[in-house]
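Examining the three-dimensional arrangement
Residue strings, one per chain:
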Amino acid sequence: MKVKAAILTGAGEDWQTATLELDPPKAGEVLVRVEYAGLCRSDEHRRHGNPEGRYPLVGGHEGSGIVEAVGEGVTRLQPGDHVILSVLPQCGMCQFCTTGRSRMCDLAAHVPTGAMPDGTFRARLDGEYLGGFCMLGTFADHVVVTQASCVKIEPWFPLDVAALLSCGVPTGWGSAVYVGEVQPGETVVVVGVGGVGINAVQGARSAGASHIIAVDPVAMKRDFAMELGATHVAATAEEGAELARRLSRGTGADVVIVTVGVLTSEITSSALEMVGKGGRLVLTATADDSADINVQVPGNRVTFYNISVRGALLGGCNSQYDVPRLARLYDEGLLKLDELITKRYSVDQVGLAYRDVVDGRVVRGVIEHVHG
């Protein structure tokens, strides 16, 4: 079948819209009609480079849709099921899945190339096979993915906000609740309150933090953070550090979560200055170039202040457990999702959408696929 998609043909190239040929699902795979795709900054990172990956590449790693067909041996899903497409697959059998760390599933080795678990591809551009980012490629209106990448949801759950549960919401929320281990009464700083950071604010609020400081140079994002749970805002790291010291009565923040669009060594160093004795520095943000050295901290401060520096892959969440959990929190009014969508775009507008992201015009944008 023919599908419409936004693709990258090489590092440094602009997003292009193309018509692809899509092969049917093979064993263990499903065909999904993608309804919505989230615009996460990680896809824009792939425009600058795709380490260990390949081009051309179909963009998009947040999405929701409806299963249209299943391959042989599929046991988790059937046609008509509504699904969220997980940014990371979960096979359920490898050492990481069986020890409760499915976000590090062995199948994730295929994330940069977008290949299926058997190493092959289902989409073609002018006869050349190409993969979808994170084994998904939700900037296409149909995708063939492994059933390990799908989380089934109730058919009444709204598919537009469902797309945000693929990556941005669990990554931010879990960065506070799981990786940051925010406790009631603590002081938390979130550096960068875009599509991921705003959910770290929500996570810190749900964990009972007394003070939640949202640091962002964009006034619109600071105002929005106050609506979703922040108690204080700051435009700069220096302002955030001063607030953290004052609110903690001189100690410093218990948890600092870095969720900026592009991580640099300067941002990491300034974030460390906000962390108090015994605190936790959570690094969720990534860089355009994976080879960048962007974590340079004074060892004596980390040692003598007993500070923990922690990386946060998917916020420590496990999709098959946490995505339905977050969906329930939304349904019960304890997690805001509708408010996160600032603007909707067509698949032809991916380049424009990411310019809006980089320029700070949106908290989270979504691609709305049109099906004839």
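Preceding block: the structure.
Residues numbered from 1 in each chain as written. Predicted model: local features only at pLDDT ≥ 70, side-chain atom pairs only at ≥ 80, totals over all residues. Heavy atoms only, no water.

**Focus: the packing of helix α1 (residues 41-48) against helix α10 (residues 350-358)**
Put simply, the rule reads: Axes, fitted as lines to C-alpha atoms, cover a helix only where it is in contact. Angles between the N-to-C directions of the axes lie from 0 to 180 degrees. Numbering of helices and strands runs from the N terminus, with a helix taken as a DSSP run of H or I at least four residues long and a strand as a DSSP run of E at least two residues long. Throughout this description, any angle smaller than 35 degrees is read as roughly parallel, any larger than 145 degrees as roughly antiparallel, any in the 65 to 115 degree range as roughly perpendicular, and the remainder as oblique. When checking whether two residues touch, look at their non-hydrogen atoms; a contact exists if any pair is within 4.5 Å. Note on residue classes: Ala, Val, Leu, Ile, Met, Phe, Trp, Tyr, Cys and Pro are nonpolar, Asp, Glu, Lys and Arg are charged, and everything else, Gly too, is polar.
In the contact formed by α1 and α10, the axes pass within 11 Å of each other and the chain directions differ by 105 degrees. It follows that α1 is roughly perpendicular to α10 by the angle criterion. From α1, Arg 41, Asp 43 and Glu 44 reach across to α10, where they touch Tyr 354, Val 357 and Val 358. The residue makeup of the contact of α1 with α10, split by class, is three nonpolar, no polar and three charged.

**What to know about empty space enclosed by the protein**
Rules: Using a grid of 1 Å spacing that covers the protein atoms alone, one calls a set of points a cavity when a 1.4 Å probe fits there but cannot get out, and a pocket when the set is open and has protein on both sides within 12 Å along at least five of seven lines; lining residues are those with an atom within 4 Å of a point. Grid points are joined across faces, edges and corners, and a volume is the space filled by probe spheres set on the points.
Applying the stated criterion across every chain yields a total of one cavity of 30 Å³ or more. In this structure, the largest cavity occupies an estimated 150 Å³ of space. In this structure, the largest cavity is lined by 19 residues; those nearest its centre are Ala 123, Leu 130, Gly 132, Leu 136 and Val 144.

**Quick look at the pattern of salt bridges**
Our working definition: Any Lys or Arg side-chain nitrogen located within 4 Å of an Asp or Glu carboxyl oxygen qualifies as a salt bridge. For every residue, the accessible area obtained with a 1.4 Å probe (protein chains only) is divided by the maximum for its type, and the residue is called buried under 20%, exposed over 50%, and partly exposed between those limits.
Scanning the entire structure with this criterion turns up 20 salt bridges. Between Arg 47 and Glu 44 there is a salt bridge whose closest N-O contact spans 2.8 Å. Taken together, the residues span about one helical turn, with Arg 47 and Glu 44 both in helix α1 at a distance of three residues. Taking relative accessible area as the criterion, Arg 47 reaches 18% and is therefore assigned buried. Note on Glu 44: relative accessible area 4%, which makes it buried.

**What to know about the sheet that holds strand β4 (residues 57-58)**
Selection criterion: At least two DSSP bridges between two strands are needed for those strands to be called paired.
What the five strands build is a closed barrel, ordered β1-β2-β7-β8-β4; its pairing is mixed. Bridge count for strand β1 (residues 2-8) against strand β2 (residues 16-22) is six bridges, and the pairing is antiparallel. When the bridges of β2 are listed, Lys 2 appears paired with Glu 21.

**Side note on the nonpolar core**
In plain terms, the rule: What is meant by a nonpolar core is a set of buried Ala, Val, Leu, Ile, Met, Phe, Trp, Tyr and Cys residues, joined one to another through side-chain atoms within 4.5 Å.
Ranked by internal contacts, the top residues of the largest apolar core, which has 57 residues, are Phe 157, Leu 165 and Leu 337. When residues no more than four places from it in sequence are discounted, the contact partners of Leu 165 are Ile 84, Phe 157, Pro 170, Val 323, Leu 326, Ala 327 and Leu 337. Core analysis: the second largest hydrophobic core is formed by 25 residues, Val 3, Leu 20, Val 34 and Val 145 among them.

**A look at the pairing of strand β11 (residues 187-191)**
The condition is simple: Looking down the strands as they point away from you, a crossover is right-handed if its path from the first strand over the helix to the second goes clockwise.
When you tally the buried positions in β11, you get five out of five residues, the bulk of the element. The alternating pattern of β11 places Thr 187, Val 189 and Val 191 on one face and Val 188 and Val 190 on the opposite face, and all of these are buried. The pairing of β11 with strand β12 (residues 211-215) spans five bridges and is parallel. Looking across to β12, one finds that Val 188 is bridged to Ile 212. This β-α-β element, β11 to helix α4 (residues 197-207) to β12, shows right-handed connectivity. Two strands pair when backbone bridges link them, and β11 and strand β14 (residues 253-258) are joined in this way by four bridges, in the parallel orientation. Looking at the pairing, Val 189 lines up with Val 256 of β14.

**Considering the packing of aromatic side chains**
Cut-off, in case you're wondering: Each aromatic pair joins two rings of Phe, Tyr and Trp (for Trp, the six-membered one) with centres within 6.5 Å, and gets the label stacked for planes under 30 degrees apart, edge-to-face for over 60, and tilted for any other angle.
Following the criterion strictly, the structure yields six aromatic pairs and no others. Relative to Phe 139, the ring of Trp 15 has its centre 5.5 Å away and its plane inclined at 70 degrees; by these criteria the two rings are edge-to-face. Within this pair, whereas Trp 15 is found in the loop between β1 and β2, its partner Phe 139 is found in the loop between β8 (128-132) and β9 (142-146), the two being separated by 124 residues in sequence. For Phe 139, a relative accessible area of 0% corresponds to the buried category. Ring geometry for Trp 173 and Tyr 178: centres 5.8 Å apart, planes at 90 degrees, overall edge-to-face. Its relative accessible area of 4% is what places Trp 173 among the buried residues.

**Here we look at a negative patch on the surface**
Definition in use: Within the patch definition used here, like charges are joined within 9 Å and nonpolar side chains (Val, Leu, Ile, Met, Phe, Trp, Tyr) within 5 Å, considering only residues with over 30% relative accessible area and no salt bridge. Values of accessible area rely on a 1.4 Å probe in the Shrake-Rupley scheme; residue burial ignores everything except the protein chains shown. Lys and Arg are tallied as positive, Asp and Glu as negative. Neither His nor the chain termini are counted. The atoms used to mark charge sites are NZ of Lys, CZ of Arg, CG of Asp and CD of Glu.
Residues Asp 223, Glu 227, Asp 338 and Glu 339 make up a contiguous surface patch of negative charge. With respect to the helices and strands, the residue Asp 223 is situated in helix α5 (residues 219-227).

**Concerning the pairing of strand β3 (residues 29-38)**
Of all ten residues in β3, nine are buried; the element is thus mostly enclosed. As paired strands, β3 and strand β5 (residues 63-70) are joined by seven bridges and run antiparallel to one another. Its bridge partner being in β5, Val 32 is matched across the sheet by Val 67. Relative to strand β18 (residues 364-368), β3 runs antiparallel, the two sharing three bridges. Along β18, the bridge assignment pairs Gly 38 with Val 366.

Keep in mind these numbers describe shape, not what the thing actually does.
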